[in-house]
Amino acid sequence: MKGLISRRQSLQGVAAWVGAGLCAPTVWAAEAVPALSLPKADGSMVPLFNPAAKLTYVDFWASWCGPCRQSFPWMNKVHQRFKDKGLNVVAVNLDAKRADADRFLAEMPAQFTVLFDPTGRSARDFQVKGMPSSVLVNAQRELVWRHTGFKDSDAAGIETRLAQALGLG
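Definitions and cut-offs
- Position numbers for residues start from 1 in each chain and track the written sequence from start to end.
- Only residues with pLDDT of at least 70 get local features here, since the model is predicted, and only at 80 or more are side-chain atom pairs given and counted; chain-wide, interface and lining totals rely on the full set of residues.
- Only heavy atoms go into the side-chain values, all of them from the structure, while hydrogens and water stay out.
- The helix count covers DSSP runs of H or I at least four residues long, the strand count covers runs of E at least two residues long, and both are numbered beginning at the N terminus.
- For every residue, the accessible area obtained with a 1.4 Å probe (protein chains only) is divided by the maximum for its type, and the residue is called buried under 20%, exposed over 50%, and partly exposed between those limits.
- Note on contacts: a residue pair is in contact if any heavy atoms of the two residues lie within 4.5 Å.
- A 1.4 Å probe and the Shrake-Rupley method give the accessible areas. Residues count as covered only by the protein chains that appear here.
- Here, the term nonpolar core denotes a set of buried Ala, Val, Leu, Ile, Met, Phe, Trp, Tyr and Cys residues that are joined through side-chain atoms within 4.5 Å.
- Ring pairs are drawn from Phe, Tyr and Trp, using the six-membered ring of Trp, whenever the two centres fall within 6.5 Å, and their geometry is named by plane angle: stacked under 30 degrees, edge-to-face over 60, tilted for the rest.
- Sitting over a ring, as applied to charges here, requires NZ of Lys or CZ of Arg to be within 6 Å of the ring centre and within 35 degrees of the ring normal.
- Sulfur atoms of two cysteines make up a disulfide when they are within 2.5 Å.

> I'd like a rundown of the overall build of the protein, residues and numbers included.
The secondary structure content of the protein amounts to five helices and eight strands. Its helices and strands taken in sequence order, the protein reads α-β-β-β-β-α-β-α-β-α-β-β-α from the N to the C terminus. Per-residue burial for the protein yields a buried fraction of 47% across its 169 residues. In the protein, the proportion of contacts linking residues at least 24 apart, taken out of those at least 6 apart, comes to 71%. With the model as given, the accessible surface of the protein reaches about 8500 Å², and the carbon-plus-sulfur share is 54%.

Below, the structure is given as structure tokens:
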């Protein structure tokens, strides 16, 4: 079927993650993801997925999340490293109170797109189970893998996976 990752490709993806020293992430057969638009800080509505991007790395986070504090500097680095290669990094805040998110962002500035979803609808749509949770979506708006949590030891393996998905080796 068009757009589906074969079982062999899925197993290769797991092997790449495990070989990179990561805990086994959930690797999914590609599935279409919803077309969502969420507000930026200025209130303007922005589509979650930029159709010009080869890949979109979406990170769901909240101000109370300790591992999110570790992931933000890393996402800034990944954004700078891969933005010209076709990666779009988007962080979706799930705090009910915008002031909580604003305080977090004052301490941990983002150099990538930040959107706000105080209702948590996007997290439900993506079946987010923990914080932070990230998904990688291809240009056809298909979810190709997800990862829950973040620790510094995850960074190198995720970067390798991103580079491979972008066709960079």
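> Report on the nonpolar core, specifying residues and quantitative values.
One recurring pattern in soluble globular proteins: nonpolar side chains tend to sit buried together. With 29 residues, the main nonpolar core has Tyr57, Trp61, Phe72, Trp74, Leu87, Leu136 and Leu162 as its most contacted residues. Elements with a contribution of two residues or more to this core: strand E4 (55–61), helix H2 (66–82), strand E5 (87–93), helix H3 (98–107), strand E6 (113–116), strand E8 (142–148) and helix H5 (155–165). Tallying contributions element by element places H2 first for this core, with six residues. When near neighbours in sequence (up to four residues on either side) are disregarded, Phe72 contacts Trp61, Ala91, Phe104, Leu105, Met108, Ala110 and Phe112. Membership of the second largest hydrophobic core comes to 17 residues, among which are Leu36, Leu115, Ala123 and Val137.

> Can you explain the packing of aromatic side chains? Please cite residues and give values.
Summed over the entire model, instances satisfying the criterion amount to nine aromatic pairs. Ring geometry for Tyr57 against Trp145: centres 6.4 Å apart, planes inclined by 65 degrees, an arrangement best described as edge-to-face. Remark: Trp145 occurs in strand E8 and Tyr57 occurs in strand E4; sequence separation between them is 88 residues. The class for Trp145 is buried, based on a relative accessible area of 0%. Geometrically, the ring pair formed by Phe72 and Phe112 is tilted, given 5.4 Å between the ring centres and 55 degrees between the ring planes. With Phe72 in helix H2 and Phe112 in the loop between H3 and E6, the pair connects residues that are 40 residues apart, well separated along the chain. Taken together through their ring pairs, the aromatic side chains of Tyr57, Trp74, Trp145 and Phe150 make up a single cluster. Stacked on the ring of Phe116, the Lys or Arg Arg98 has its end atom at 3.9 Å from the ring centre.

> Could you give an account of the state of the cysteines, with specific residues and numbers?
Inspection of every chain in the model, using the stated rule, returns one disulfide. At a sulfur-sulfur separation of 2.4 Å, the disulfide partner of Cys65 is Cys68. Residues Cys65 and Cys68 are joined by a disulfide whose S-S torsion is about 85 degrees; by sign, that bridge is right-handed. Residue Cys65 is classed as buried on the basis of its relative accessible area of 2%.

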